[in-house]
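# Observations on the model geometry
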Amino acid sequence: MEILKLINSNKQKFVVLAGSLWCISMLIVKFDYRFKYRWLVFFLWLISLGLFVVYFVLNEGKFVNNIKANKIFDSNFILIIILALFTRFIFLRIYPFNSIGDEMRDGGWDALRIVTGEIRNIFSYGRYEAHGLIIPTFSSLFYLIFGNSTITFKFASALISFVDILFLYKFVEIFFNRKYAFFSAFVLICLPLHLYYGRTEIVVVFSSILTTINIFFIIWYIKERKAEIMRLIFLFSGFCLNFHASIKPVIFALIFILFLLLIVRLKQIDIKSIKRILLEITICIILFIVGFGPRLLFTTPNVLFHTKSVSLINKTDKYYRTFNDENYQISTKISTAFSNYQKSLLGYVKEPVSYHYTHKNPLLIFPLNIFFIIGAVFMLIKGKLPHKVILFLAMLLPFTNSAITNCVNCDHRLAVLFPILSMITGIGFIELTNYINKAKINYKIFKILGNTIIYSLFFITNIFNLFDFFYNERASESMFWYQRESITQDYLLSYMIRTIKNNENLKEEEDLSIFLSKSNYDYFNLFHINEAIEFQIPNKNISLIIDETYSINEIHVSSHKNSQTETNLYTYCEKYKRFICPPNKEKLIIKTS
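To start, this report covers the structure provided alongside it. (Residues numbered from 1 in each chain as written. Predicted model: local features only at pLDDT ≥ 70, side-chain atom pairs only at ≥ 80, totals over all residues. Heavy atoms only, no water.)

### Digging into the overall build of the chain
To keep it simple, the criterion reads: Per the convention used, a helix needs a DSSP run of H or I reaching at least four residues, while a strand needs a run of E reaching at least two, with both numbered from the N terminus. We call two residues in contact when some of their heavy atoms are within 4.5 Å. Under the convention used here, a 1.4 Å probe and the Shrake-Rupley method define accessible areas, while residue burial counts only the protein chains that appear.
Regarding its fold elements, the chain presents 23 helices and five strands. Within the chain, contacts between residues separated by at least 24 positions form 77% of all contacts whose residues are at least 6 apart in sequence. When the accessible surface of the chain is split by element, carbon and sulfur atoms take 63% of a total near 26800 Å².

### Concerning the environment of Phe176
Basically, it comes down to this: For every residue, the accessible area (1.4 Å probe, protein chains only) is compared with the maximum for its type, and the residue is labelled buried under 20%, exposed over 50%, or partly exposed between those bounds.
Relative to the assigned elements, Phe176 resides in the loop between α8 (151–175) and α9 (178–190). On the basis of relative accessibility, which here comes to 19%, the residue Phe176 falls in the buried class. Residues Phe176 and Ile427 lie 251 residues apart in sequence; the distance between their C-alpha atoms is 9.9 Å. Apart from residues lying up to four places away in sequence, Phe176 is in contact with Phe171, Phe216, Ile219, Pro386, His387 and Ile390.

### Overview of helix α19 (residues 418–438)
Given 3.6 residues per helical turn, the α-helix brings residues three or four places apart onto the same face. Formally: To estimate the expected span of a helix, subtract one from its residue number and multiply by 1.5 Å.
Taking 1.5 Å per residue as the helical rise, α19 with its 21 residues ought to reach 30 Å, and the 30 Å between its terminal C-alpha atoms agrees with that figure. Among the 21 residues of α19, 17 are classified as buried, and the element is accordingly described as predominantly covered.

### A look at the packing of helix α18 (residues 385–403) against α19
Short version of the rule: For helices, the fitted axis covers only the stretch in contact; all axes are lines through C-alpha atoms, and the angles between them, taken along N-to-C directions, range from 0 to 180 degrees. Each angle gets one of four labels, with under 35 degrees taken as roughly parallel, over 145 as roughly antiparallel, 65 to 115 as roughly perpendicular, and the rest as oblique. Helix crossings are classified by the rotation of the near helix relative to the far one: an anticlockwise turn of less than a right angle makes the crossing left-handed, while a clockwise turn makes it right-handed. When residues are sorted by character, Ala, Val, Leu, Ile, Met, Phe, Trp, Tyr, Cys and Pro go into the nonpolar class, Asp, Glu, Lys and Arg into the charged class, and all the rest, Gly among them, into the polar class.
Packing of α18 against α19 leaves a shortest axis separation of 10 Å and a crossing angle of 125°. As judged from the angle between their axes, α18 and α19 are oblique. Both α18 and α19 take part in a crossing whose hand is left-handed. From α18, His387, Ile390, Leu393, Ala394 and Leu397 reach across to α19, where they touch Ile420, Met423, Ile424 and Ile427. Per-class residue counts for the contact of α18 with α19 are eight nonpolar, one polar and no charged.

### Re the nonpolar core
Filter applied, for reference: Only buried residues count toward a nonpolar core, which is a set of Ala, Val, Leu, Ile, Met, Phe, Trp, Tyr and Cys residues joined through side-chain atoms within 4.5 Å.
Membership of the largest hydrophobic core comes to 169 residues, with the highest contact counts inside it found for Phe216 and Met496. Counting residues per element, this core draws most heavily on helix α11 (residues 202–224), at 16 residues. In this structure Met496 touches Ile514, Phe524, Ile533, Ile555, Val557 and Ile590, once residues within four positions along its chain are discounted. Counting eight residues, the second largest nonpolar core, distinct from the first, contains Ala111, Leu112, Tyr143 and Phe153.

### A look at the environment of Thr433
Selection criterion: The term polar contact refers here to a pair of N or O atoms within 3.5 Å; inside protein, the definition further demands a hydrogen-donor-capable atom paired with an acceptor-capable atom, and it admits residues adjacent in sequence only when both atoms are side-chain atoms.
Tracing the backbone shows Thr433 in helix α19. When the C-alpha atoms of Thr433 and Thr452 are compared, they prove to be 9.7 Å apart, with 19 residues separating the residues in sequence. In this view, Thr433 contacts Asn451, Ile454 and Tyr455; residues no more than four positions away in its chain are not counted. From its side chain, Thr433 meets the backbone oxygen of Ile430 in a polar contact 2.6 Å long.

### Observations regarding the sheet that holds strand β5 (residues 588–592)
Stated formally: Pairs of strands are assigned from DSSP output, requiring at least two bridges between the strands.
Within the open sheet, the five strands sit side by side as β2-β1-β3-β5-β4. Their pairing is mixed. The sheet terminates laterally at β2 (541–546) and β4 (568–572), the two strands that pair on one side only. Strand after strand, the sheet turns through a mean of 20° between neighbouring axes, direction not considered. Taken together, the four bridges between strand β3 (residues 554–558) and β5 define a ladder with parallel strand orientation. When the bridges of β5 are listed, Val557 appears paired with Thr592. In this fold helix α21 (residues 488–502) packs onto β1 (511–516), β3, β4 and β5, with an angle of close to 35° to the strand it touches most, β5.

### Re the state of the cysteines
Put simply, the rule is: The term disulfide is used for any two cysteine sulfur atoms that are within 2.5 Å.
Summed over all chains, the structure comprises two disulfides. Paired by a disulfide, Cys407 and Cys410 hold their sulfur atoms 1.5 Å apart. Disulfide Cys407 to Cys410: torsion about the S-S bond roughly -45°, handedness left-handed. Looking at Cys407, the relative accessible area reads 5%, which means it is buried. By relative accessible area, Cys410 is classed as buried at 2%. Two residues share a disulfide in this structure: Cys573 and Cys581, whose sulfurs sit 2.2 Å from each other. On the S-S bond that ties Cys573 to Cys581, the torsion sits near -95°, and the link is left-handed. The connectivity of the disulfide-linked cysteines in the chain, indexed sequentially, is 1-2, 3-4.

What follows is the structure, given as structure tokens:
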């Protein structure tokens, strides 16, 4: 409480210090054309944000008291911590064994380029301008620890995923109750997509944890109705704009809700109340800009709203071929969007969602989808305002993140739904058991039997999700596999990289030649594959030479361009090993010279 007293006694100085650091960071980045002081700017901005957060949180002392009123480590929370640690970090180094997709580029390759200084403007945007480079900047810290290894971005993703689960539990416990917290967190632990992105794509899993935090900021405001909380929400909302575009609809939806709550609170409309509201809005907008930070200077409206992915306003579209037709009317686009909305909404319970993760299931399988429906109905009919806000987001986000975009039910854009569906499913499960317990049944044995069945279904289904994810190696199937001849190529690439790294002759050579089949030649020329090679074995000049004497499961790596004199033969996966060998049980042969 000494910190709180110190802040309260120096309120103006504290805010002035935070604002001054932000202004200094913006001035430096504005005139530092070569980004020589990028790290100074980055940390000045973060310190400024940290000072504002400390001020707002501690100045609203009731939240601190709410935390103190709850045990930090109760038995349920300890169990959740153990389960989250186990599921997020087990087999992390070897599963998924292959990393050739967006995870390699965004979490690894860009992190390497930031550390080496190839990317100097860390306040710009990543590929497709879908996310700020703050994400690979974060994973670059892990690159300094793990180097040119897939564990660099895997560990970072697993850590964010783990913290997301803990945040969800504690927030639900504080604002709802411990039962809701446990079952909601358990659903998130076992959710296949959260598991997948929690060990692959840090860009995507960040959207989940940011949604968790944003939801409970708005619930905190609903419960307390304090100006400090609203200001904190706007500060954090601006900060979230630095991340993946999928989080932006959450931000703008919550800001819309906040303005509605402000209007509802007006008891009378007069000059004084209007001035007060306008002043509050001005302060919130300033804090929103402060949260956005230096990236604001490199952001256009098209980038901010990521319009290239919105089908309604684009003439060309990668996925909806009919939209390329000049005669295709806007009314038809709107009709298609609402048709897609039905499909997107059913993505919770029936329609398959997939893109990066190739399981092709809905977000929730039976009977978890039934618990979700029960939870949604309960929140609609009997829920309080916080429940209604969560349900509103659950209904809105499938429209903004799927139906009107150029990729319907693409799982990487639906990460914002992970904490939401987990909460609604957990609440639905608890409310169903409560209904059974309160039902007027003459024989107690029927209540016991009913509870036993419901609990068994809940835990067996979630555990099945875990089992299926690991045992059937779902994460080993690349999003690019369907376009190619064999999944063996992914493993061949991974073992080739490992061989070059470990071979005393090859790892020192700058110029390498790879002799391979035509099919593998096409594969090694894929853009994602080039990025994977450049990240894991940088500074290599690699020449690809077609030799049809080689099959799809073998290549020859030579340090002499025109030489195939065999000196070493590496044979992998002669006996099948889970995670680290192709599921078709084909052995891999790598020759070196």
